[in-house]
Amino acid sequence: MSYYEVVAVLLASGLLLASCQSKPGAGETAGATPAGALWHSDAYTLYRDSVTQGANHARATSPTALTSNYRSPANETQSPLIAFKFSLNGKDNELAPGQDNTYLALPPAAGTTLETPVIVFGQRSVDPRPVPSGVYLAPNTPLKIRLDLRPVLEAFKKQGFYTTYKGEKLYKQDFKKVFVAGEQAPLSWDFDNLVNKPELEMHDPDGDGIYEVTLMLNAPADTKTTAQQWQKTLKTDDFPQYKSDYPLADALYNLALEEARRAVEPDSTFRTGKEWAGVWTRDISYSIILAQATLQPRSAMKSLLRKVSPEGRIIQDTGTGGAYPCSTDRVIWAVAAWEIYKVTGDDAWLKKVYPIIQKSLADDAQNVYDPATGLARGESSFLDWREQTYPRWMQPADIYESENLGTNAVHFQANTVLALMARQLGHADVAAQHEQVAAKMKAAINQHLWQEKAGYYAQYRYGRLFPVLSPRAEALGEALSVYFGVAEGGRAAQVVASTPTVPFGISCIYPQIPGIPPYHNDAVWPFVQTFWALAAAKAGNEASLTESIAAIYRPAALFLTNKENFVAENGDFAGTQINSSNMLWSLSGSLGLVYKILFGMHYEADRLVFQPFVPQAFQGSRSLTNFTYRKAVLDIDLQGFGNAIKTITLDGKELAGAAVPATLTGRHQVRIVLSSQAPAAAKTNRVANAYSPETPQVTLANGHLSWPAIKDAQTYRVLLNGQPVNASGALTYAVPAGAPAYAEYQVVAIDNKGLESFASEPLPVTTAATEVQLETVAPAAAYAYKGFSGKGFVETSTAKNTVLRIPVTVAEDGMYAVDFRYANGNGPINTNNKCAIRTLRNGPAQLGTIVLPQRGVDEWSNWGFTNAVRVQLPKGTTTLTLAYEPANTNMNGAVNQAMLDYLRLRKL
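Residues numbered from 1 in each chain as written. Predicted model: local features only at pLDDT ≥ 70, side-chain atom pairs only at ≥ 80, totals over all residues. Heavy atoms only, no water.

Enquirer: Whenever I open this one, the overall build of the chain confuses me. Can you help?
Expert: Per the secondary structure count, the chain includes 17 helices and 53 strands. Taken over the C-alpha atoms alone, the chain extends approximately 85 × 80 × 55 Å along its principal axes. Split into buried and exposed, the 908 residues of the chain put 60% on the buried side. Within the chain, contacts between residues separated by at least 24 positions form 72% of all contacts whose residues are at least 6 apart in sequence. (Helix = DSSP H or I, 4+ residues; strand = E, 2+ residues; numbered from the N terminus. Buried < 20%, exposed > 50% of the residue type's maximum accessible area, 1.4 Å probe, protein only. Contact = heavy atoms within 4.5 Å.)

Enquirer: I would appreciate a short explanation of the sheet that holds strand β13 (residues 210-217) in the present structure.
Expert: Strand pairing in a sheet relies on backbone hydrogen bonds, with the paired strands running either antiparallel or parallel. Here we have 3 strands laid out as an open sheet, ordered β8-β9-β13, and mixed in their pairing. Both outer strands of the open sheet, β8 (114-120) and β13, are each paired with one neighbouring strand and no more. With direction set aside, neighbouring strand axes in the sheet form an average angle of 20°. Sheet topology note: the β8/strand β9 (residues 141-148) ladder contains 5 bridges and is parallel. Looking at the pairing, Leu114 lines up with Leu143 of β9. (Pairing = 2+ DSSP bridges. Axes fitted to C-alpha atoms, helices over the stretch in contact; angles between N-to-C directions.)

Enquirer: Can you walk me through the side chain of Asp250 in this structure?
Expert: With respect to the helices and strands, Asp250 occurs in helix α4 (residues 247-262). For the buried Asp250, no salt bridge is present, and the opposite-charge side chain at shortest range is Arg622, 7.2 Å distant. In this structure the side chain of Asp250 is engaged in a polar contact, spanning 2.7 Å, whose partner is the side chain of Ser244. (Lys, Arg positive; Asp, Glu negative; His and termini not counted. Salt bridge = Lys/Arg side-chain N within 4 Å of Asp/Glu carboxyl O. Polar contact = N/O pair within 3.5 Å; in protein donor to acceptor, adjacent residues only side chain to side chain.)

Enquirer: Any chance you could explain the side chain of Arg841 here in plain terms?
Expert: Its location among the elements puts Arg841 in strand β47 (residues 836-842). Exposure remark for Arg841: the relative accessible area of 19% places this residue in the buried category. Polar side-chain contacts of Arg841 include one of 2.9 Å to the backbone oxygen of Pro844. When sequence neighbours within four positions are dropped, the list of residues in contact with Arg841 reads Gln366, Gln846, Leu847, Leu880, Thr881 and Glu885.

Enquirer: Please clarify how helix α12 (residues 428-448) should be interpreted in this entry.
Expert: Since the α-helix turns once every 3.6 residues, residues separated by three or four places project in the same direction. Taking 1.5 Å as the rise per residue, α12 with 21 residues should run 30 Å; its terminal C-alpha atoms sit 30 Å apart, in good agreement. Of the positions making up α12, those classed as buried are Val430, Ala431, His434, Ala438, Met441, Ala444, Ile445, Asn446 and His448. (Expected span 1.5 Å × (residues − 1).)

Enquirer: Looking at this model, I keep getting lost on the nonpolar core. Mind explaining?
Expert: Grouped burial of nonpolar side chains is what soluble globular proteins tend to show. In this structure, Phe531, Tyr595 and Leu634 are the most contacted members of the largest nonpolar core, which totals 187 residues. Apart from residues no more than four positions distant in its own chain, Tyr595 is found in contact with Pro240, Tyr253, Leu257, Ala291, Thr294, Leu295, Gly600, Met601, Leu624 and Phe627. Counting 35 residues, the second-largest nonpolar core is a separate cluster that includes Phe84, Tyr103, Leu137 and Val178. (Core = buried A, V, L, I, M, F, W, Y, C linked by side-chain atoms within 4.5 Å.)

Enquirer: Got a minute to help me understand the pattern of salt bridges in this structure?
Expert: A pair can form between side chains of opposite charge whenever their charged atoms are brought close. The full count for this structure, using the stated rule, is 42 salt bridges. Close ionic contact of Arg464 with Asp398 constitutes a salt bridge, the shortest N to O distance being 2.9 Å. With Arg464 in the loop between β19 (460-462) and β20 (468-470) and Asp398 in helix α10 (residues 396-401), this pair connects stretches of sequence that are 66 residues apart. When its relative accessible area of 26% is taken as the criterion, Arg464 is described as partly exposed.

Enquirer: Sorry if this is basic, but what is going on with the packing of helix α7 (residues 332-344) against helix α8 (residues 347-367) here?
Expert: For any two helices packed against each other, the geometry is given by the interaxial angle and the distance between the axes. Contact pair α7 / α8: the axes reach a minimum separation of 10 Å and the direction vectors enclose 165°. By the angle between their directions, the pair α7 and α8 is classed as roughly antiparallel. Both α7 and α8 take part in a crossing whose hand is left-handed. Here Trp333, Ala334, Ala337, Trp338, Ile340 and Tyr341 of α7 lie close against α8, whose contacting residues are Asp347, Trp349, Leu350, Val353, Ile356 and Ile357. (Parallel < 35°, antiparallel > 145°, perpendicular 65-115°, else oblique. Left-handed = near helix turned anticlockwise from the far one by under 90°.)

Enquirer: How should the packing of aromatic side chains be read in this particular structure?
Expert: The geometry of an aromatic ring pair is captured by two quantities: the separation of the ring centres and the angle between the planes. One pass over the structure, following the stated rule, counts 42 aromatic pairs. Among the aromatic residues, those joined into a ring-pair cluster are Tyr286, Phe382, Trp385, Tyr483, Phe484, Tyr519, Trp525, Phe527, Phe531 and Trp585. Looking at Lys169, its charged tip hangs above the ring of Phe161, at a distance of 4.6 Å from the centre. For the cation-ring pair, Arg870 lies above Phe466, with the distance from its terminal atom to the ring centre recorded as 5.1 Å. (Phe/Tyr/Trp six-rings, centres within 6.5 Å; stacked < 30°, edge-to-face > 60°. Lys NZ or Arg CZ within 6 Å of the ring centre and 35° of its normal.)

Enquirer: Can you walk me through the pairing of β47 in this structure?
Expert: The two faces of the sheet receive side chains in turn, since in a regular strand these alternate between them. Among the 7 residues of β47, 6 are classified as buried, and the element is accordingly described as predominantly covered. Examined bridge by bridge, β47 and strand β48 (residues 845-852) share 7 bridges and lie antiparallel to one another. Note that in β48 the partner of Ala836 across the bridge is Leu852. Two strands pair when backbone bridges link them, and β47 and strand β52 (residues 876-883) are joined in this way by 3 bridges, in the antiparallel orientation. Counted as the bridge partner of Leu840 is Leu882 from β52.

Enquirer: Even after reading the chapter, I still don't get unusual backbone geometry, so can you show me in this structure?
Expert: Leave glycine aside and you will find that most residues have negative phi; peptide bonds, for their part, are mostly trans. Looking along the chain, the bond that leaves Ala185 and enters Pro186 is cis, with omega of 10°. Its place among the elements puts Pro186 in the loop between β12 (178-182) and β13. At Asn140, a position not held by glycine, the phi torsion is positive, near 55°. Mapped onto the secondary structure, Asn140 falls in the loop between β8 and β9. Judged by its relative accessible area of 40%, Asn140 falls in the partly exposed class. With a phi angle near 55°, Leu560 is a residue other than glycine that sits in the positive phi range. Here Leu560 is to be found in the loop between α16 (542-559) and β25 (566-567). With a relative accessible area of 6%, Leu560 lands in the buried category.

Enquirer: What's the story with the packing of helix α15 (residues 526-539) against α16 in this structure? I'm lost.
Expert: The geometry of α15 relative to α16 is characterised by a closest axis approach of 8 Å and an angle of 160° between their N-to-C directions. The orientation of α15 with respect to α16, classified from their angle, is roughly antiparallel. Read as a crossing pair, α15 and α16 show a hand that is left-handed. The segment α15 lies against α16, with Gln529, Thr530, Trp532, Ala533, Ala536 and Ala537 engaging Ser544, Leu545, Ser548, Ala551 and Ile552. Of the residues belonging to the contact of α15 with α16, the class tally is 7 nonpolar, 4 polar and no charged. (Nonpolar A, V, L, I, M, F, W, Y, C, P; charged D, E, K, R; others polar.)

Enquirer: What is the right way to read the pairing of strand β26 (residues 601-604) from this model?
Expert: What you see with β26 is a clean split: Met601 and Tyr603 sit on the buried side and His602 and Glu604 on the side with no burial. Across 4 bridges, β26 lies against strand β27 (residues 607-610) in antiparallel orientation. Among the inter-strand pairings, His602 is bridged to a residue of β27, identified as Val609. Hairpin connection between β26 and β27: a loop of 2 residues separates the two successive antiparallel strands.

Enquirer: Is there a simple way to think about the sheet that holds β19 in this case?
Expert: What the 3 strands build is an open sheet, ordered β16-β19-β20; its pairing is antiparallel. Strands at the two margins of the open sheet, each flanked by one partner only, are β16 (403-404) and β20. The pairing of β16 with β19 spans 2 bridges and is antiparallel. Residue Asn404 lies in a different strand from β19, and its bridge partner there is Tyr460.

Enquirer: Would you explain the environment of Phe86 in this entry?
Expert: Looking at the element boundaries, Phe86 is found in strand β6 (residues 81-88). Judged by relative accessible area, which is 0%, Phe86 ranks as buried. Sequence separation between Phe86 and Phe191 is 105 residues; the distance between their C-alpha atoms is 9.8 Å. Dropping the residues within four chain positions of it, Phe86 is found in contact with Asn93, Glu94, Asn101, Ile119, Phe121, Ile145, Arg146, Leu147, Phe179, Val180 and Met202.

Enquirer: Could you clarify how one ought to interpret the environment of Trp349 in this entry?
Expert: With respect to the helices, strands and loops of the structure, Trp349 is situated in helix α8. In sequence terms Trp349 and Met301 are 48 residues apart; their C-alpha atoms lie 8.2 Å from each other. In contact with Trp349, not counting residues within four places along its chain, are Met301, Leu304, Leu305, Ala337, Ile340 and Tyr341.

Okay, here's the thing in structure tokens:
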């Protein structure tokens, strides 16, 4: 009787269910590994054929069938204490971070309904009643939330604007709607997307200034569930077939194959996920790198070409501030395009993608690359939801100025890839140029982002005029730095051994940000876990690789689909803000685990190299048949464990260099026997999930900085122009006399474990600035612009005022910060593609790029500042030029528009 026949008998008798439920008990305690477990922790246990996590278990009943009894705890144990804030125009602008309104939604008396008191906008309302022990939010709890907006409306009437707690002015004509945001569904803390949730909009039915909305909390419709069984229904026999001694691994591979087939649309492009239609640049690119170049290269090609603009540039998907150049990770497309070429050897493809990549990187050289540091600017790769990974005070212009680890690893590899393409096509000069760019970027990452004490790279450099490091670990960036070769040798091993992982995997960032719901924050993404596994394999860290394999198998088995993400704290798919099944990059990660790690297949331009790594916990026999490599079909047999090949043969003959040449044709047998010797022991840094302190809110009065106490903080580090000048437990700091010509202060809160908050918003204490008014046009009669400082402003677009010559006069030589006060109402702050871009020059010399991101839909009276460019100016008058140039083409193409109020000069 086969293994699967035995399983069927046991299932029918009920004995197997009982055995599954017995395993998580006393055996799953710290230090005690259950018999037969491949991987065990306090969080879950992985067996050859199953996964157990408390009362939840999943099992492979055949190579094409899985069962799971997983039940999300999300709706069963919701707190009745409802936390919420009000929101004008979908912005987080009512109360300071951590200062939520609360209401205890206990079951009402018969014949009554729950209703909050009338809460005045901007005045925090806290329910004083304690939460009863063991009491949870009842299903189908209706709650009416009431808001007194009269102070805001009165301010509109008296002065034409309302000033938020941040000191920002919202003008009457820019006020659109008021929403309620919060934690429990259907509430959401995703302020930027409140406009897409009409059920959260509040209304004033009788015009008395009291706004209301009634919500149904903990509704059954909001309960998130997954299937209880999976049975293969689609034909996937044309794909490579995987078999091993591990039934669960075999079934999960076949699940991923079926979902890969489902992920192809009728037009043969990829669908990003079950809930995500369409092609997204970074999603498909990472998916192609992980597996889809191997599995479905034609769909991969067509999908990549879908993300090319009419001008022949790689498209940056809609994002923060209007996409490019606030976000700049589009060039991962280049790495995916090169992977397709290495897989297929298609010269026509190479010639098609080469100029697209070359043009895109030329734009980046002008708009994105920081000559002072050698790093690329722009948002974290794939972490594109601002407050999920950035301090709340950072605006899109600030995010443009930040220099992130993952994004820089991507730019390093994109330049490396372009150099390789150029050499393949015979363009030695271009190859040399981009090899040099890549080498400089690699050196810059290791110089500016490496943290010697921590043993891994910092998340990013951020701030304004004097950037500081965020010491958080960033999982994808750490992984790519090793996988792409930014970190080499001992440093690569140190990154893998030192980067924190949590019980359910490697979280996107560590530590987590307090008060931010799980999505990128406090979450694990399976595709990132696979890149972390690739890094572990490259660094030779068996313990880390084993942990990653378990962290990839657990969620797919329990959820019976390849989910996009899950909560780092508890491993649940239902607790993140947005999720999807059948997620392309997650399923590609599962497949990539087989292709690129266990079988160790690495493509080069003219060969396929085998570098297998099988952890000892997964030792045994495995095969991969019907594997297509160019004009050959390979049937591969792999025996043993470890990462050293004892013997490798092709059709019974020794295979030189463990590499199949690209010229091979026909069907062939590859047999690999590993040494079955474990690599040198290496550690991992598995830690409990943890949260940093909240970011301090700092004010200046009477020569003193002050800030409220932060929960769990023991020390406050004061920074002057990015450098520490004081550290103590005090909540004030006296600004000393004799400050620099320009001085800005920040404060970092530090807890007793050494975990640090983000630095507070830079607070200038020397405010001397020169403002050069720009008033070539008066406000358009069709729209009542407000908030500009002079008699008018300048409209700049692709057709109007494409070149502005601005005389600036300074009293002494020196370095000055130049920025512009501007408005851009062409889109919301979090999405769309209408970020305006201009180039600042002094004569022919490029000084830098000025980025004017979107600030809100039709919010043309919402004025803010661009990024600042450092300019060396001589005493007297210099004429600067602000111009729209070809490299400044944004992702929209047609709409590249902003209003300019004045140019600001600050001496540094």
